[in-house]
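Given next are the chains, with one letter for each unit.
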Amino acid sequence: MFLAFIAFVVALFALLRSNDLADRLRRLESDRDDLMSRLSALQKLVERLRPPTVASPREAEKGEAAVAPAVNAAPVARPSELTPAAPHAAPATPATKAPMPPSPAPAPAATPASPPPARPSPAPTPAVVEPASPPIDWESLLGVKGAAWVGGIALIASAIFFARWTIEQGLVTPELRFILMLMAGTGALVAAELGLRKGYERTANPLSGAGIAILYIAFFAGHSRYDLISMPTAFAGMVFVTITACVLAVRYDAFPTAVLGLLGGFATPVALSTGQDRPVGLFTYILLLNLGLFAVGAKRRWHALFELGLVGTLLIQIGWFSKFMSPSNMLIGVVVFAVFGVLYLVLPVASKEEDSNRVLLTGAIGGIAPFLFGVYLASSPEYVEQWPLLFGMVALIDLAILAMAVLRGRVGLLISASVATSLTLTLWAGQGLKPSSGASLWGSTLFAIFIVAIFGVSRRVADRFGTLETSLFRALEMAAHTAWAGLGLFALIMIGHDRGAPAGPFLAVAAAMALLLIERAGHDERLKGALSLGTTGLAMLIQIWFLSSAKPSTVLGYLAVPVLLSLLLSFFAGRTMSADKDVEGEIAVRVSSWIAIFGLFLTLAESRLATDGWPLFLAMAAQIIVITGSVLRSDWTIGLPALLGASALHMMIWQLAYLKPEKYTTAFGFTTLFYFLFLLLPMVVPFARWREALLPWATSALAGPAFFLPFYYLYKEAFGESAIGLLPVAMAGVSVFALRLVSSRFVANPGDELAARLRLRYLALFTAVALWFIAVAIPLQLDRQWITLGWALEAMALCWLFGRLPHRGLPVFAGILYALVGVRLLFNPEILEYQERGAPFFNWILYTYGIATLCCLVGQSLLRRASDNGFIQQLANAIALDGLLLGFWLVNLEILDYFSTGPYIAISDGTGYSVKLALSAGWGLYAIVLLVTGVAKDLKPLRYLSLGFLLLTVAKVFLYDLSELGGIFRVFSFLGLAVGLILVSLFYQRFVFKKNQ
């Protein structure tokens, strides 16, 4: 166990070391950039303030040697200030003729008796360029630092394994082992300090770290394993090692050494624990250890020490509470959490690191740690009756954190406190709201509302006492809504414990949630998403309350509650009809209505509430009206198709579960109402409003297919299946009627491309729906395989229609139908039992697969002639492939049908070699037919497909027929394969490659 701890220490140490190095590198780069910018600004300032250089007689006597350095100081003197006014003047010009000092013109330099050396041309002032970041020195990183630290780790491991080996071999007494470990640890420290610290610091730090780790192991083993030293002695030794590690870390800027000291310091009370409860001494030591680590971390700006200290402190506290917490120790727990919470709250201020996000986060986590104690109390049944003390403590902590958030701007603390408060209320409600708990339902509910109200007034308190920015105000609102969510969970648990009736406490909570939601959403700078999220929670809470509390006698009244909520939100969103719509208000309306609709689906599972049906249908109709009103206000039509599907699905589920003869009229009336409501919706809205909106018209067109199943089930139950095909024919007639209305509304005027495109779109859409009903009528009235044929025929009709109405949706719809045909005929084994075998070859398999194949081939040909668009051509290729696969499967089924003996086709019944030989021959012949067609039509993809079938035939012959066939059948199989391949080869040479040449 201790070895695992050491491994964890090493891994954590490596991680923290890498993080610290990355932080130091970022700080150094930032300091470098700041210094470079300051240097550049200073150079520019000196250049502006320096006066023009005037040569005095004494300076002139020094000659050009004194001028040259000034010329080289290009950043502060321009060449025009250092050169004479007349560069071609005689060199004997006397210095006494220099201009007077008041003159702004520069004076010419005096010329000595001997000719001066040629003056170099002054170089232009170089621009200050930031040095590029040096590349990573991998050799130094791996060869120096890496090797040193790996060596230190290896040293620790060697000490551990050496101790283990000596124990196993019995070579060294426990006393000697203890002394050797002390000597090894001390020797490592001494060697690092005296031998390696000067010149080899990168090696000295890992060595000293290894020595510290070995000393920790020595003191632990000396007390716990060998019982050579007392617990106070071992404790004092470990404390001394911790202090030593901190001193070395600060002195030599060795962060890993500090980490080792920290880990050893926190491991000391754990390793030397006697199992007795001594909280005062334990937490006093932890407090002093934290203060020391804070001092080291603040001095060296090692933020990771704060984080590790917090982790260690929390682990010690959690360990103590899990083992020793009892009602008698409640005061100690409160004091401990309060002291350490305050300590970490003031950490950023005390360490002067309030600009560090890491330190602020560490302080915030430590500051809300007292809530751990509150969570412990809230989750313990033995403290349920002491809820006033628990709630009072939580309220006081929330008030203190509210003051810190407002005065110091640390609103993150308030958000965290709101989360912790919500958790505390939720956990307590799980125990305290039980009827057997003895806690006051009214009292605890009102106190919980008061606690949440503390966060609700946070914005107003900040307005009065704080100077927070807008973003921080929004964070306060986030805290308020988080606490609001906790109150919602409180009410949810109340319902779960059957405390929703009497409804007074629940209604009080719901009213408080509604007031807070309205108050937060009422101001202009409200938190984005608060209204929609709050609406979600409140609507879900109401639905749960309805499902758990409603009775058959009250179902209509209870259903009115979510409807009223949706209507209220709709009024709130549409209270102004200005150009700026309330976007989030409309989202809240949609969310509320959809949650209510979902609740209607859940109600279907309760037979006591859903048997009558009409109250649910009325609620559904009301929600449809609410959502439609939201659509008209916002023009967000995206919800209409989903609303159509939900209403049709709800009606279908109810019919399957509760439809009875006395309910036929009710079911038919509401189904028809919903159908025509969606069908006529875009046609009764002002035409200009939704002229270019696709979804309303798509919803109208798809209303018939959506409600076909409810109509179908109702018709079948009421009238039987003798004339069931009349239903889709009638609905096709309704679609044709809608098509005429659409045609009359969308008129394509000459030159209006948009009107022509819209007319084409919706005529194609409603026409496809009408054809779909016709195709459905055929399989419904005739037989099962006609369903597939109906899809194939409709797909072919859509391909034909695409030539008259060139809308891209028609071939896409046709492609979907063709895909369904392929899946149904190729992957549906039940289709073989649709009908018994008939005459060989001329049977129902022939017309089922043959017509489907023909529809695919004709459809792809129609698409190719109608458009040369790349997408359409690819779709046609896919449809052609579907047809060819169906044709191939037709050949196989006809062969199997010929050799089958039972009433149905048998895929494998062991009929002998004949069927295997026939299948191979059929595959080869099918491939040759494709090849001939591909050559005749000059279709390279078809020729490739034929080669694929040939390869499949070859694989079958060699891999299967060779092992299964015998005698003359094997000869015929290979003979046919050989002849076929030779003919294919000759055919390619004669008609393909010769033609290409």
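Cut-offs applied
- Residues numbered from 1 in each chain as written.
- Predicted model: local features only at pLDDT ≥ 70, side-chain atom pairs only at ≥ 80, totals over all residues.
- Heavy atoms only, no water.
- Helix = DSSP H or I, 4+ residues; strand = E, 2+ residues; numbered from the N terminus.
- Buried < 20%, exposed > 50% of the residue type's maximum accessible area, 1.4 Å probe, protein only.
- Areas by Shrake-Rupley, 256 points an atom, 1.4 Å probe, with all protein chains shown as cover.
- Phe/Tyr/Trp six-rings, centres within 6.5 Å; stacked < 30°, edge-to-face > 60°.
- Axes fitted to C-alpha atoms, helices over the stretch in contact; angles between N-to-C directions.
- Parallel < 35°, antiparallel > 145°, perpendicular 65-115°, else oblique.
- Left-handed = near helix turned anticlockwise from the far one by under 90°.
- Contact = heavy atoms within 4.5 Å.
- Nonpolar A, V, L, I, M, F, W, Y, C, P; charged D, E, K, R; others polar.
- Disulfide = S-S within 2.5 Å.
- Salt bridge = Lys/Arg side-chain N within 4 Å of Asp/Glu carboxyl O.
- pLDDT = per-residue confidence, 0-100.
- Polar contact = N/O pair within 3.5 Å; in protein donor to acceptor, adjacent residues only side chain to side chain.
- Patch = residues over 30% accessible without salt bridge, like charges linked within 9 Å, V, L, I, M, F, W, Y side chains within 5 Å.

A. Just the overall build of the chain, in detail. Each helix and strand counted, the chain has 38 helices and zero strands in total. The buried share of the chain, reckoned over its 997 residues, is 46%. Summing over all exposed atoms, the chain offers an accessible surface of approximately 49,500 Å²; the carbon and sulfur share of this is 68%.

B. Region of interest: the packing of aromatic side chains. According to the stated counting rule, one finds 28 aromatic pairs in the structure shown. Judged by centre distance (4.9 Å) and plane angle (40°), the rings of Phe746 and Tyr762 are tilted. Residue Phe746 is located in the loop between α30 (726-745) and α31 (753-781), and its partner Tyr762 is located in helix α31; the two are separated by 16 residues in the primary sequence. Judged by its relative accessible area of 3%, Phe746 falls in the buried class. Through successive ring pairs, a cluster of aromatic residues spans Trp387, Phe391, Trp428, Phe447, Phe450 and Phe490.

C. Quick look at the packing of helix α16 (residues 387-408) against helix α17 (residues 411-432). Remark: α16 packs on α17, axes separated minimally by 8 Å, with the N-to-C direction vectors making an angle of 170°. As judged from the angle between their axes, α16 and α17 are roughly antiparallel. Classified by chirality, the crossing of α17 by α16 is left-handed. The segment α16 lies against α17, with Trp387, Leu390, Phe391, Val394, Asp398, Ile401, Leu402, Met404 and Ala405 engaging Val411, Leu413, Leu414, Ala417, Thr421, Thr424, Leu425 and Trp428. Each residue belonging to the contact of α16 with α17 can be placed in one class, and the counts come to 14 nonpolar, two polar and one charged.

D. Focus on the state of the cysteines. Taken as a whole and assessed by the stated rule, the structure comprises zero disulfides. Note on Cys799: no disulfide assigned, nearest cysteine sulfur contributed by Cys856 at a separation of 9.0 Å. Looking at the unpaired Cys856, the closest cysteine sulfur is the one in Cys855, lying at 7.0 Å. You can call Cys856 buried: its relative accessible area is 0%.

E. Highlighting the environment of Ile401. As for its position among the elements, Ile401 is in helix α16. Classification of Ile401 as buried rests on a relative accessible area of 3%. For the pair formed by Ile401 and Ser418, sequence separation is 17 residues and the distance between their alpha carbons is 9.9 Å. Excluding residues that lie within four positions of it along the chain, Ile401 makes contacts with Ile368, Phe371, Leu413, Leu414 and Ala417.

F. Representation of the environment of Leu372 within the structure. On the secondary structure map, Leu372 appears in helix α15 (residues 370-379). In the structure, Leu372 is positioned 52 residues away from Thr424 in sequence and 8.9 Å away in space, judged by C-alpha atoms. If we ignore the near neighbours within four places in the chain, the residues touching Leu372 are Leu314 and Phe337.

G. Looking closely at the side chain of His650. Within the fold, His650 resides in helix α27 (residues 639-658). In this view, His650 contacts Leu600, Phe601, Leu604, Leu616, Phe617 and Met620; residues no more than four positions away in its chain are not counted.

H. Representation of the packing of helix α24 (residues 583-603) against helix α26 (residues 614-634) in the model. Contact geometry of α24 with α26 gives a least axis separation of 10 Å together with a crossing angle of 160°. The orientation of α24 with respect to α26, classified from their angle, is roughly antiparallel. Judged by the twist between their axes, the crossing of α24 over α26 is left-handed. Facing α24, whose interface residues are Glu586, Val589, Arg590, Ser593, Trp594, Ala596, Ile597, Leu600 and Thr603, α26 presents Leu616, Ala619, Met620, Gln623, Val626, Ile627, Ser630, Val631, Arg633 and Ser634. Grouping the constituent residues of the contact of α24 with α26 by class yields 11 nonpolar, five polar and three charged.

I. Up close: the pattern of salt bridges. What the rule picks out here adds up to five salt bridges. A salt bridge links Arg633 to Glu586; its shortest N-O distance comes to 2.8 Å. In this pair, Arg633 sits in helix α26 while Glu586 sits in helix α24, placing the two residues 47 residues apart along the sequence. Across the pair, Glu586 and Arg633 agree in class, each one buried. With a closest N to O distance of 3.8 Å, Asp612 and Lys663 form a salt bridge.

J. Local environment of unusual backbone geometry. Of note, the phi angle at Asp498 is positive, near 60°, even though the residue is not glycine. Within the secondary structure, Asp498 is located in the loop between α20 (470-496) and α21 (504-522). Owing to a relative accessible area of 64%, Asp498 belongs among the exposed residues under this scheme.

K. Structural detail: the confidence of the model for the chain. Averaged over all residues, the pLDDT of the chain equals 74, while 63% of them reach at least 70. Across residues 1-16 the pLDDT falls below 50, and counting only partners more than four positions away or on other chains, this stretch makes 20 contacts in the model. Between residues 136-149, whose pLDDT stays under 50, and residues either more than four places distant or in other chains, the model counts 15 contacts.

L. Spatial organisation of the side chain of Ser634. Structurally, Ser634 is set in helix α26. Ser634 sits in the buried class, given a relative accessible area of 14%. Of note is the side chain of Ser634, whose polar atom sits 3.4 Å from the side chain of Arg590. Among the polar contacts made by the side chain of Ser634, one reaches the main-chain carbonyl oxygen of Ser630 at a distance of 2.7 Å. Aside from chain neighbours lying at most four places away, what touches Ser634 is Glu586 and Arg590.

M. The environment of Leu291, seen in detail. Within the secondary structure, Leu291 is located in helix α10 (residues 279-300). Residues Leu291 and Gly309, 18 residues apart in the sequence, show an inter-C-alpha distance of 9.6 Å.

N. Spatial organisation of a nonpolar patch on the surface. The grouping of Leu176, Ile179, Leu180 and Met183 at the surface amounts to a nonpolar patch, some 340 Å² of accessible area in total. Along the polypeptide, Met183 turns up in helix α6 (residues 174-196).

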